[in-house]
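# Structural description and commentary
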Amino acid sequence: EPQDPGDRKRAGAWAAILAAMAMHANEGTVSTTAVERLVAAQFPDWSGLDVQRSDSEGTRSAIFRLGTELAARFPLKRAEHDDVRAALEAEVRATREIGDHVSFPTPRPVALGEPGEDYPLPWAVQTWLPGVTATRDDPSDSVGFAEDLAQLIGELRAIDRRGRVFTGIGRGGHIPDHDDWMGTCFDESVELLDVPMLRAMWSRFRELPAHAGEVMCHGDLTPANVLVSDGRLAGVLDSGGLGAADPSLDLIPAWNLLDDAPRERFRSLLGCGDLEWERGRAWAFQQSMGLVWYYVESNPAMSRMGRRTLERLVRAAA
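Rules behind the numbers
By convention here, each chain's residues receive numbers from 1 onward along its written sequence. It should be noted that, the model being predicted, local features are given only for residues of pLDDT at least 70 and side-chain atom pairs only at 80 or more, the latter also being counted only at that level, while totals for whole chains, interfaces and linings use all residues. Each side-chain value is worked out from all heavy atoms of the structure, with water and hydrogens disregarded. Put simply, a disulfide is two cysteine sulfurs that come within 2.5 Å. Buried, partly exposed and exposed residues are distinguished by accessible area as a fraction of the type maximum, computed with a 1.4 Å probe on protein chains only: under 20%, between the cut-offs, and over 50%, respectively. Only runs of H or I of at least four residues qualify as helices and only runs of E of at least two qualify as strands under DSSP, and these elements are numbered from the N terminus. Each nonpolar core is a collection of buried residues, namely Ala, Val, Leu, Ile, Met, Phe, Trp, Tyr and Cys, held together in the definition by side-chain atoms within 4.5 Å. Two residues qualify as a contact provided that any one of their heavy atoms is within 4.5 Å of a heavy atom in the partner residue. Residues are called lining when one of their atoms sits within 4 Å of a cavity or pocket point, these points coming from a 1 Å grid over the protein atoms alone, where a cavity is a set in which a 1.4 Å probe fits but cannot get out and a pocket is an open set with protein on both sides within 12 Å along at least five of seven lines. Grid points are joined across faces, edges and corners, and a volume is the space filled by probe spheres set on the points. Under the convention adopted here, Pro, Cys and the residues Ala, Val, Leu, Ile, Met, Phe, Trp and Tyr are nonpolar, Asp, Glu, Lys and Arg are charged, and Gly plus all remaining residues are polar. Axes here refer to lines fitted to C-alpha atoms; in helices the fit is confined to the stretch in contact. Angles between the N-to-C directions go from 0 to 180 degrees. For classification, angles of less than 35 degrees are called roughly parallel, those exceeding 145 degrees roughly antiparallel, those between 65 and 115 degrees roughly perpendicular, and all remaining angles oblique. By convention the crossing between two helices is left-handed if the near helix lies anticlockwise of the far one by an angle smaller than a right angle, and right-handed if it lies clockwise. Here is the rule: rings of Phe, Tyr and Trp (six-membered ring for Trp) pair when centre to centre is within 6.5 Å. Planes less than 30 degrees apart are stacked, more than 60 are edge-to-face, and the remainder are tilted. We call a charge positioned above a ring when the Lys NZ or Arg CZ atom is no farther than 6 Å from the ring centre and deviates by at most 35 degrees from the ring normal. An arc is given here, and it is the one of the directions from the helix axis to the C-beta atoms. Being paired, for any two strands, means DSSP has found at least two bridges between them.

Let us look at the state of the cysteines. Tallied over the entire structure, the rule returns zero disulfides. Between Cys217, a cysteine without a disulfide, and Cys272, which holds the nearest cysteine sulfur, the sulfur-to-sulfur distance is 11 Å. Under the relative-accessibility criterion, Cys217 is labelled buried at 2%. What makes Cys272 buried here is its relative accessible area of 8%.

The following block contains the structure:
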């Protein structure tokens, strides 16, 4: 039970937020009015800027535009203040590092905000990157986009690891470590997908040999995190997951973003051998199996992306 009046007020605000849960069991929301108050209180120089919620397909943060050049990101999942602050600070470092090493536009960190009366967590401000995400401007048949994507991944792989290694959390390490999660996905997908066939695919993926070494990866190159213009890659979003991992991890967009011919061009440019390519298919499979059932009601666009990716993987295996 919070004892400090400010803590009690924030706890009460969070309890009200939880009444509007959406994609995750421990998720809240944040209103435009709350954002306006937070900005005015903590960054008065921006208090006159127009605040508009961005219609994002993202699952971890609510995004608000501040005027024409800034964006504020508000984490939605409940967590301890210090943990959220540390995660945002890590995102700042990762976003700066990617921005310094890739040729494509990325948002730049601007400031970190603190909890307020209407929102109980730290939050972040970065530059607004104009463009349309690949969920709305489908680049799947563009060879030029595939070439840009291969260039981006090559530039990410060239970043010095500086001794960094895979943390053991999430995708990018030992494929069978995900057996329990996949079991949950299969159980939850019985009414949605051809589960026996998909179980058989996973049984083959989990037997693949280990990867030979680690490189720096973006880790979340989904359609919602890349911007498209005239069939080319126009920007890269949500770079806070930059880290050392299996090189195959960043091959996931070969399956969630590309059709057959562009995919072959992508593979050729990266020089992927058979094992690396198959492990990339395994990571794409693991991701998409979770998306279909988990977001089927709360985020239909993400669920559809999972289905589309699985369809491509199944066709490739036929």
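Before going further, it helps to spend a moment on the environment of Gly168. Turning to its location among the elements, Gly168 is positioned in the loop between helix H4 (143-157) and helix H5 (179-188). Considering only alpha carbons, one finds Gly168 and Pro247, 79 residues apart in sequence, at a separation of 15 Å.

This brings us to the nonpolar core. Ranked by size, the top nonpolar core spans 55 residues in total, and within it Leu152, Phe266, Phe285 and Met289 carry the most contacts. Ranked by residues supplied to this core, first place goes to helix H9 (residues 274-294) with eight residues. Those residues in contact with Leu152 that sit more than four places away from it in its chain are Val102, Phe104, Leu221, Leu233 and Val236.

With that settled, consider empty space enclosed by the protein. All told, the structure shown has one cavity of 30 Å³ or more when counted by the stated rule. Here the largest cavity is characterised by a volume of approximately 30 Å³. Taken together, Gly219, Asp220, Leu221, Leu249, Asp250, Ile252, Pro253 and Gln287 form the lining of the largest cavity. Its residues placed into classes, the lining of the largest cavity shows four nonpolar, two polar and two charged.

To continue, consider the side chain of Glu97. When you line up the elements, Glu97 lands in helix H3 (residues 81-101). Overall, Glu97 belongs to the buried group, its relative accessible area being 12%. Those residues in contact with Glu97 that lie beyond four places of it in its chain are Ile159, Asp160, Arg162, Arg164 and Leu242.

In this section: the packing of H5 against helix H6 (residues 195-205). Remark: H5 packs on H6, axes separated minimally by 10 Å, with the N-to-C direction vectors making an angle of 165 degrees. One finds that H5 runs roughly antiparallel with respect to H6. The handedness of the crossing between H5 and H6 comes out as right-handed. Of the residues in H6, those in contact with Asp179, Met182, Phe186 and Asp187 of H5 are Val195, Leu198, Arg199 and Trp202. Its residues assigned to classes, the contact of H5 with H6 shows five nonpolar, no polar and three charged.

What follows is about the packing of H5 against H9. Viewed as axis vectors pointing N to C, H5 and H9 meet at an angle of 40 degrees, and their least axial separation amounts to 9 Å. In this view, H5 runs oblique relative to H9, as classed from their interaxial angle. In this structure, H5 meets H9 at a crossing whose hand is left-handed. Where H5 abuts H9, its residues Trp181, Met182, Thr184, Cys185, Phe186 and Glu188 lie against Phe285, Gln286, Met289, Gly290 and Trp293. Per-class residue counts for the contact of H5 with H9 are seven nonpolar, three polar and one charged.

For the structure on display, the rule yields 12 aromatic pairs. On the numbers, 5.7 Å between centres and 90 degrees between planes, the contact of Phe43 with Trp123 is edge-to-face. On the criterion of sequence distance, the pair formed by Phe43 in the loop between helix H2 (32-42) and strand E1 (51-53) and Trp123 in strand E5 (residues 123-127) is long-range, its members being 80 residues apart. Their ring planes at 50 degrees and their centres at 5.7 Å tell us that Trp255 and Trp277 sit as a pair that is tilted. Of this pair, Trp255 sits in helix H7 (residues 253-256) while Trp277 sits in helix H9, and the two are 22 residues apart along the sequence. Comparing Trp255 with Trp277 shows no difference in burial state: the two are buried. Pairwise contacts between aromatic rings join Phe43, Trp46, Phe64, Phe74, Tyr119 and Trp123 into one cluster. Its end group placed over the ring of Trp255, Arg281 keeps NZ or CZ at 5.8 Å from the ring centre.

Burial in H6 covers these residues: Val195, Leu198, Met201, Trp202 and Phe205. Summarising the axial view, the buried residues of H6 lie within an arc of 120 degrees, below the 170-degree limit, and thus occupy one face. Turned more than 90 degrees off the buried face of H6, the exposed positions are Pro196 and Arg204. Tucked into the core, H6 has its buried residues touching H5, H9 and helix H10 (300-317).

What the three strands build is an open sheet, ordered E6-E8-E9; its pairing is antiparallel. The open sheet has two free edges, formed respectively by strand E6 (132-133) and strand E9 (232-236), since each of these has just one partner strand. In the sheet, E6 pairs with strand E8 (residues 226-229) via two bridges, with the strands oriented antiparallel. From the neighbouring strand, Val132 faces E8, where its bridge partner is Val228. Across the face of the sheet, H4 comes into contact with E8 and E9 while running at roughly 40 degrees to E9.

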